[in-house]
Amino acid sequence: MAFDLDMIKKVYDRYSTRTAAARKATGKHLTLTEKILYAHLSEGDAHTAFGRGIDYVDFAPDRVAMQDATAQMALLQFMQAGRPQVAVPSTVHCDHLIQAKVGADADLSTAKDVNKEVYDFLASVSDKYGLGFWKPGAGIIHQVVLENYAFPGGMMIGTDSHTPNAGGLGMIAIGVGGADACDVMAGLPWELKFPKLIGVKLTGKLSGWTSAKDVILKVAGILTVKGGTGAIVEYFGEGAQSLSATGKGTICNMGAEIGATTSIFGYDEKAATYLKGTKRAEIAELADAVKEHLTGDPEVYANPEQYFDQVIEINLTELEPHVNGPFTPDLAWPISKFATAVKENGWPVTLEVGLIGSCTNSSYEDITRSASIAKQAIDKHLKTKAEFTITPGSELVRYTVERDGYLGTFESMGGVVLANACGPCIGQWARHTDDPTRKNSIITSFNRNFAKRQDGNPNTHAFVASPEIVTAFAIAGDLTFNPLTDTLTNLNGEQVKFDEPVGIEMPIKGYAVEDAGYQAPAEDGSKVEVKVDPKSSRLQLLDPFKAWEGTDLTGLKLLIKAKGKCTTDHISMAGPWLKFRGHLDNISNNMLIGAINYFNGNADSVKNELTGEYGPVPATQRDYKAHGIGTVVVGDENYGEGSSREHAAMEPRHLGVRAILVKSFARIHETNLKKQGMLGITFADSNDYEKIQEDDTIDILGLTTFAPGKQLTVVLHHKDGSTDSFAVNHTYNAQQIEWFKAGGALNIIRRQMAS
């Protein structure tokens, strides 16, 4: 649980020499992002990678964090690497497998019983290999990291797409797949394509109903779900310095929804206050000594257009509260226009559930602002019309807000406190509904609202807003209600109006907790035995993937041509499937069951060319595999958007899919495919997507001379005897091509460890 001061000192010692060398090499001033990246270049790249326009670069992250759903597969892979201990500080957080159903105590008890096998496995692996283990109920990974491990100027990777939450404390924190985490835990450099830089200048100051959540909701509306792809977003300006550290964490967290590699704020007094308040004053002292390196150069912020690839300016004083959605987090509506949008689009007006909390908005400040609205409902004799749930982000926050009376306030206005876990945000929600086919509306303070994301129901219209806006809507039960201007009729028949929310940034009496939920690893893990029952339905030891056979890929069949949005939720659903995250064969039964088939408009219904019949995607693919036939998955734009889950790459690999051909990839998913030895390629001309026919036999040529920057060729053999041929692109560098040839990056790691 303790942070490593010696490690942080070593990181800070690199800053002065690395930034000086970078300025000399580039002849220019540096952004904060560049300073942190340059300070974390691995030794091999330390003197060669300064400057922009470079391609893939090797970095040396300071730590690794993994949530329990992805940690299972990551640690199963690490067990094959041949190391006795992790090479960098690493932690496992049990937050994804707890289903929200009744309330915190009962749900946590059920989870410990249902998931005992998995929790015991994770605890024993952590014990053996030197990882810190955060038990179920300890909290959501990103909140726990912010409270315990994040530090200004550090670099962390995490097996969850919302790892950038730590950017609120000035850390470059990037979501990755488990294979990347395995590399770093094995002591290998971590590779990243050097990002573009987007600068967001914040002026003015928030007031009234507007909160930090509205900043990122506004940015999402500007950049869309893929506008930040390949970029790091750096926030700066007087407005940035006025935001709390946890508010900054909210903004960075939801940067995943614009496709950004990560987001970051510089070190300032707000960060120092939070570090001191979470018993890390020593880190604040170290940061104060090198604070000029923990923010961008003044010249950069004075003339940002010269240093960033794109600059956005937002005046916080003029910013309105926003509500984003439905079905996508970048459909942004200022609150003054939201009611009209609801009516014009025919979205269900009646609000059925309001949910606050999650890794994005569960800080002490968030809870107190929301509770100030809940208290008004009690005092003004308002009855809460919608169901209302509260998900604390960590046991530290939960214990503190309970001590200070805020949980009691929520319960008095009809709220239900859920466990300190992801819960409904990731689909771990046993929702109470009398008609799952009814079109309905919910509103959350979460980060994602894709169709079926929260409750598995395609008829649910999910909207995203700040916790205080969500609370007000839940009380009103009506999406056309504007809490800033409208009144409600109370139990006495009176018209009453909400006052502006009031929050407390840091607890006046300080944070408190009885048991944070941390378990330190064994001092000597060599005697710890990790057991996996071969009959288990939830855990399965891995077999290495086969190496490439050394030839072009010919005679492939089309498995599915996915139409429209195809996120990792479509490729490998969460919810009830989370229980199989440690069993590759069982979870592969959800492969692409949410993707829409271009040829019939249905999900989980594709044509089996061996039988001529339509059936589920996984079963069809298993039939092809049994007959030794490889397949191709074809997709649309930003394929693999969303969660970092590498299962979306491992399942096709396991079942015999040979290539993924799409218009464009989301960053993490493309890397995950490469790590697993899968061929991920893109149309050189996106119009060629239309040439793919349902009964095609497909060849992929040029692999025998596979090289960086060199196009491959796809040949389509149509059922009528005609053919189409076109070029496809790839982004594989020399090292990634070796992953492909070896059958996956892990095969190379194992070979290196054995030599």
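Residues numbered from 1 in each chain as written. Predicted model: local features only at pLDDT ≥ 70, side-chain atom pairs only at ≥ 80, totals over all residues. Heavy atoms only, no water.

**Student:** Outline the nonpolar core, supporting the account with residue identities and numerical values.
**Tutor:** Within the largest apolar cluster, 152 residues are counted, with the highest numbers of intra-cluster contacts made by Tyr12, Met66, Leu75 and Phe473. Ranked by size, the runner-up nonpolar core spans 26 residues in total, among them Val233, Cys252, Met254 and Phe265. (Core = buried A, V, L, I, M, F, W, Y, C linked by side-chain atoms within 4.5 Å. Buried < 20%, exposed > 50% of the residue type's maximum accessible area, 1.4 Å probe, protein only.)

**Student:** I'd love a proper account of the pattern of salt bridges, names of residues and values included.
**Tutor:** In the structure shown here, the tally under the stated rule is 31 salt bridges. A salt bridge links lysine 226 to glutamate 637; the shortest N-O distance between them is 3.8 Å. A residue pair is termed long-range when its members are at least 10 positions apart, and lysine 226 in the loop between α8 (212–223) and β9 (231–236) and glutamate 637 in the loop between β25 (631–635) and α22 (647–655) qualify at 411 residues. Residue glutamate 637 is classed as partly exposed on the basis of its relative accessible area, which comes to 34%. In this structure, aspartate 404 and lysine 509 form a salt bridge, with 3.9 Å as the shortest nitrogen-oxygen distance. Residue aspartate 404 is found in the loop between α16 (395–403) and α17 (406–412), and its partner lysine 509 is found in the loop between β20 (495–496) and β21 (518–519); the two are separated by 105 residues along the sequence. Put simply, Glu352, Arg431, Asp434, Arg438 and Asp455 are held in one network by salt bridges that share partners. (Salt bridge = Lys/Arg side-chain N within 4 Å of Asp/Glu carboxyl O. Helix = DSSP H or I, 4+ residues; strand = E, 2+ residues; numbered from the N terminus.)

**Student:** An account of the pairing of strand β3 (residues 90–93) is needed here, citing residue identities and associated values.
**Tutor:** Consecutive side chains of a regular strand alternate in pointing toward one face of the sheet and then the other. Neither face of β3 is left uncovered, since the one carrying Ser90 and Val92 and the one carrying Thr91 and His93 both have all their residues buried. Pairing of strand β2 (residues 63–67) with β3, which is carried by four bridges, proceeds in the parallel orientation. Along β3, the bridge assignment pairs alanine 65 with threonine 91. Crossover β2 to β3 through helix α3 (residues 68–78) is right-handed. Examined bridge by bridge, β3 and strand β4 (residues 132–134) share three bridges and lie parallel to one another. The residue bridging histidine 93 from the neighbouring strand is tryptophan 134, located in β4. (Pairing = 2+ DSSP bridges. Right-handed = clockwise from strand over helix to strand, strands pointing away.)

**Student:** So what about the sheet that holds β9? Which residues, and what values?
**Tutor:** The four strands are arranged β10-β9-β8-β11 in an open sheet whose pairing can be described as parallel. Taken across any chain shown, the strands that pair with only one partner, and hence form the sheet edges, are β10 (262–265) and β11 (310–315). Strand-to-strand twist in this sheet, taken as the mean axis angle between neighbours without regard to direction, amounts to 20°. On the sheet, helix α10 (residues 245–253) packs against β9 and β10 and is oriented at approximately 160° with respect to β10. (Axes fitted to C-alpha atoms, helices over the stretch in contact; angles between N-to-C directions. Contact = heavy atoms within 4.5 Å.)

**Student:** Now, about helix α7 (residues 178–185): what can you tell me, with residues and values included?
**Tutor:** Burial within α7 is extensive, with eight of its eight residues counted as buried. Among the residues of α7, those classed as buried are Gly178, Ala179, Asp180, Ala181, Cys182, Asp183, Val184 and Met185. Remark: glycine 187 follows α7 within two positions and exhibits a positive phi of approximately 90°.

**Student:** A description of the sheet that holds strand β26 (residues 657–662) should follow, citing residues and the corresponding values.
**Tutor:** Strand order around the closed barrel formed by seven strands is β22-β25-β26-β27-β30-β29-β28, with mixed pairing between neighbours. For this sheet, the mean inter-axis angle between neighbouring strands, taken without regard to orientation, is 40°. Sheet topology note: the strand β29 (residues 712–717)/strand β30 (residues 723–729) ladder contains six bridges and is antiparallel. When the sheet's bridge partners are listed, histidine 717 is paired in β30 with threonine 723.

**Student:** Outline the side chain of threonine 682, listing residues and values.
**Tutor:** By the element assignment, threonine 682 lies in strand β27 (residues 679–683). Not counting chain neighbours up to four residues away, the residues in contact with threonine 682 comprise Leu661, Val662, Lys663, Ser664, Phe665, Val728 and Asn729.

**Student:** Help me get a handle on helix α21 (residues 617–626), residues and values and all.
**Tutor:** All of the buried residues in α21 are Val617, Pro618, Thr620, Gln621 and Tyr624. Down the axis of α21, the buried set is contained in an arc of 160°. They therefore lie on one face. Where α21 is buried, its residues meet β22 (553–561), β23 (606–607), β24 (614–615), β25, α22 and β26. In the segment just after α21, glycine 628 is the residue with positive phi, at about 70°. (Arc of directions from axis to C-beta.)

**Student:** So, the side chain of serine 536: which residues are in play, and what are the values?
**Tutor:** Here serine 536 is to be found in the loop between β21 and β22. Classification of serine 536 by relative accessible area gives buried; the value is 8%. Looking at serine 536, its side chain comes within polar contact range of the main-chain nitrogen of arginine 538, at 3.0 Å. If we ignore the near neighbours within four places in the chain, the residues touching serine 536 are Glu117 and His583. (Polar contact = N/O pair within 3.5 Å; in protein donor to acceptor, adjacent residues only side chain to side chain.)

**Student:** Any details on a negative patch on the surface? Residues and values, ideally.
**Tutor:** On the surface, Glu269, Glu282, Glu285 and Asp288 cluster together into a negatively charged patch. With three residues, helix α12 (residues 281–289) is the single largest residue contributor to the negative patch. On the secondary structure map, glutamate 269 appears in helix α11 (residues 269–277). Among the residues examined, glutamate 269 registers a relative accessible area of 61% and is labelled exposed. (Patch = residues over 30% accessible without salt bridge, like charges linked within 9 Å, V, L, I, M, F, W, Y side chains within 5 Å. Areas by Shrake-Rupley, 256 points an atom, 1.4 Å probe, with all protein chains shown as cover. Lys, Arg positive; Asp, Glu negative; His and termini not counted. Charge placed at Lys NZ, Arg CZ, Asp CG, Glu CD.)

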